[in-house]
Amino acid sequence: MLRKISSSSYLVWSLLFIIIPIVMVGFLSFTPVEGSGHTGFSLENYKRFMEPIYLKVLLRSVEIAFKATFICFLVGYPMAMILAKMDNRIRNLAVMLFVVPMWMNFLLRTYAWMTILGKNGILNKFLSLFHVEPLTFLYSEGAVLLGMVYNFLPFMVLPIYTVLTKMDNNLIEAAEDLGGNKITVFRKIIFPLSLPGVVSGFSMVFMPAVSTFVITNLLSGGQYMLIGNLIEQQFLVVNDWHFGSAISMFLMVLILLTMSVMNRLGAGIGEEGSAGIW
Amino acid sequence: MVSKWAKRFYTILIFAFLYAPIVVLMVFSFNDSKNTAKWEGFTFRWYQTLSENSLIMKALYYTVLVAVVSALIAVVMGTLAAFGIHYMKTWRQKVVLNINSIPILNPDIVTGISLMTLFVAFKMELGLVTMILAHVTFNVPFVVLSVLPKLKQMSGDTLEAAMDLGATPWYAFRKVILPEIKPGIITGGLIAFTLSIDDFVISYFTTGNGVTNLSIAIYSMAKRGIKPEINALATLMFVFVLVMLILINKRTKIEEI
């Protein structure tokens, strides 16, 4: 009895606040805008999303999110290795220090880059010491990319770090005993065994990067449109909730598909990629 | 030897990258100039204007209020839910856990706009109540996920034994199960609290009527340009986060023992 009652409140809650809202967004996405002359079921909103302007936004979002993910991987993997090989005593401290910036408000971290990259920002002041004319760093694709890498780098490093610390050292020693040099050991043993961490790192960076609208709004001054900005605009500025819903549904399916592919990949490699944020 | 120095250099470089923006904000929060890039003397002025800024003070109040209320509700509901889920049949458990993971996996913006759609459709006025409802919704899954493993670690017979010895179900839950899963509940509550404090996207879509949290206040200030008060706020928040983290770290160390 108690067992049934205890979970029922949450079951009702998740029906009300998780399932029904998504069903409503799905419903909106398949119905045309009021006053457009059509009623009933329609694919109009999805068709509209397939127009070149919007497709371009989608491609740009995927592209920049992928770039950010890849840079995070290139920068993060060596960092994860260094952290994993540290002495036990300093390792915990180092990992904690690594995580601290992530705990600071996300908007403050992004805002900080505005003060550095701005026209009268620190970076330009620094460059003027070398008689370099003020450059525009802010309000560019590069600034957005930097903001993404800065905010999401820990999401790449932590899962890889976790996998590396759990790795069986005997395997590495065996490979070395059998004559493998450092590069071979890394290529044949360490890297393949760390793949589950890499996979979960990829999805944990890609997901927030592809759907962000905050980083783009602040660091590109609203000039640079990603899929998140498009959704925000449809809901809060243009007030076309039907079209906004269609884009949201598309984004949701894209993310859930990516996640399940990544999960399958992670599982196929062997150990599940269970390294979470925490 | 070269590789050792290369490693050190790389570590320092990455940490500099991570901390540079925060240090910049902190240093310039004491700068006696509206212009961020130029140092014109030491001042506490921005901390004073910050404390006089009613928008930020109100936002701070709402942030804490929403975080405390939503974390408390999430802890109670999530713990009870985890308890129920633990004893479910496998396939039902799978379905419920999949639903539970939707708010975690879904992009924040989708969760935000879908909750907004719900509230608007039911003619609820967007404001404090809708924001708390939204925060509870994304908090509960984390409580469930941190309590569930503790229940799994527990021996399955203890509850039965307590009931056989005459305990009522509620008494058994309080005296036998609760002490066992307490660390999971506290972890879940802390996660819920920090997620709520840090949230921007979902709050942004589910609030209205002049109710803003700190994230929203920072966002609207930052959009209008660089404001030295934000630097002061950032410094205070960073110190707060650092203290919280040290406290939590101490806690987990005690747990490990």
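Residues numbered from 1 in each chain as written. Chains lettered and ligands numbered in written order. Predicted model: local features only at pLDDT ≥ 70, side-chain atom pairs only at ≥ 80, totals over all residues.

Regarding the overall build of chain A
- Looking only at helices and strands, one finds 12 helices and 0 strands in chain A.
- Seen along its three principal axes, the alpha-carbon backbone of chain A occupies a region of about 75 × 70 × 40 Å.
- Within the span of chain A, comprising 278 residues, buried residues form 41% of the whole. (Helix = DSSP H or I, 4+ residues; strand = E, 2+ residues; numbered from the N terminus. Buried ≥ 20, exposed ≤ 12 C-beta atoms within 10 Å, placed from the backbone.)

Re the overall build of chain B
- Tallying secondary structure elements over chain B gives 11 helices and 0 strands in all.
- The secondary structure elements of chain B, listed N-terminal to C-terminal, are α-α-α-α-α-α-α-α-α-α-α.
- For chain B, the spread of C-alpha atoms along the three principal axes comes to 75 × 65 × 30 Å.
- When burial is assessed residue by residue, chain B has 42% of its 257 residues classed as buried.
- In chain B, the share of contacts with a sequence separation of at least 24, taken over all contacts with a separation of at least 6, comes to 79%. (Contact = placed C-beta atoms within 7 Å.)

With respect to the UniProt feature "domain: ABC transmembrane type-1" (unreviewed entry) in chain B
- In the UniProt entry, the feature "domain: ABC transmembrane type-1" (unreviewed entry) is given for residues 60-248 of chain B.
- Secondary structure within residues 60-248 of chain B divides into 84% helix and 0% strand; the distance between the first and last C-alpha atoms comes to 22 Å. (UniProt positions renumbered as here; feature names shortened; annotations may be inferred.)

Topic: the packing of helix H8 (residues 169-177) of chain A against helix H9 (residues 182-211) of chain A
Residue and element names in this part refer to chain A.
- Taken N-terminus to C-terminus, the directions of H8 and H9 make an angle of 150 degrees; their axes are 10 Å apart at the nearest point. Taken as axis vectors, H8 and H9 run roughly antiparallel relative to one another. The two elements H8 and H9 meet at a crossing, and its hand is right-handed. Residues Leu171, Ile172, Ala175 and Glu176 of H8 touch H9, and the partners they reach there are Val185, Lys188, Ile189 and Ile190.
- A per-class count over the contact of H8 with H9 returns 6 nonpolar, no polar and 2 charged. (Axes fitted to C-alpha atoms, helices over the stretch in contact; angles between N-to-C directions. Parallel < 35°, antiparallel > 145°, perpendicular 65-115°, else oblique. Left-handed = near helix turned anticlockwise from the far one by under 90°. Nonpolar A, V, L, I, M, F, W, Y, C, P; charged D, E, K, R; others polar.)

Description of the interface of chain A and chain B
- With 63 residues of chain A at the contact, the number on the chain B side is 60 residues.
- The element contributing the most residues to the side of chain A that touches chain B is helix H1 (residues 2-29) of chain A, with 18 residues.
- Looking at the side of chain A that touches chain B, its residues break down into 44 nonpolar, 14 polar and 5 charged.

Some words on the UniProt feature "transmembrane region" (unreviewed entry) in chain B
Residues and elements named next belong to chain B.
- The UniProt record marks residues 12-30, 59-83, 104-122, 128-148 and 230-248 with the feature "transmembrane region" (unreviewed entry), using the residue numbering of this structure.
- When the span residues 59-83 is considered, its composition is 100% helix and 0% strand, and the gap between its end C-alpha atoms is 35 Å.
- Taken end to end, residues 230-248 is 100% helix and 0% strand, and its first and last C-alpha atoms sit 26 Å apart.

With respect to unusual backbone geometry
- Notably, Tyr139(A) is not glycine yet its phi reads approximately 60 degrees, a positive angle.
- If you trace the backbone, Tyr139(A) turns up in the loop between helix H6 (122-128) and helix H7 (141-166).
- The class for Tyr139(A) is partly exposed, based on 19 C-beta atoms found within 10 Å.
- Phi at Lys123(B) is positive, roughly 55 degrees, even though this residue is not glycine.

Comments concerning the UniProt feature "transmembrane region" (unreviewed entry) in chain A
- Residues annotated by UniProt as "transmembrane region" (unreviewed entry) correspond here to residues 12-33, 64-83, 95-117, 137-161, 197-221 and 241-262 of chain A.
- The span residues 64-83 of chain A shows a helical share of 100% and a strand share of 0%, and its end C-alpha atoms are spaced 28 Å apart.

Let's talk about the environment of Met244(B)
All names here are of chain B.
- Secondary-structure assignment places Met244 in helix H11 (residues 228-256).
- C-beta crowding within 10 Å serves as the criterion here: with 15 such atoms nearby, Met244 is assigned to the partly exposed category.
- Between the C-alpha atom of Met244 and that of Leu165, which follows or precedes it by 79 residues, the distance is 42 Å.

Some words on helix H5 (residues 108-121) of chain B
Residue and element names in this part refer to chain B.
- For H5, built from 14 residues, the straight-helix expectation of 20 Å at 1.5 Å per residue is met to within 8% by its first-to-last C-alpha distance of 20 Å.
- Among the 14 residues in H5, 12 count as buried, and that is most of the element.
- Those residues of H5 not exposed but buried are Asp108, Ile109, Val110, Thr111, Gly112, Ile113, Ser114, Leu115, Met116, Thr117, Leu118 and Phe119.
- Of the residues flanking the end of H5, it is Lys123, one or two places downstream, whose phi is positive at about 55 degrees. (Expected span 1.5 Å × (residues − 1).)

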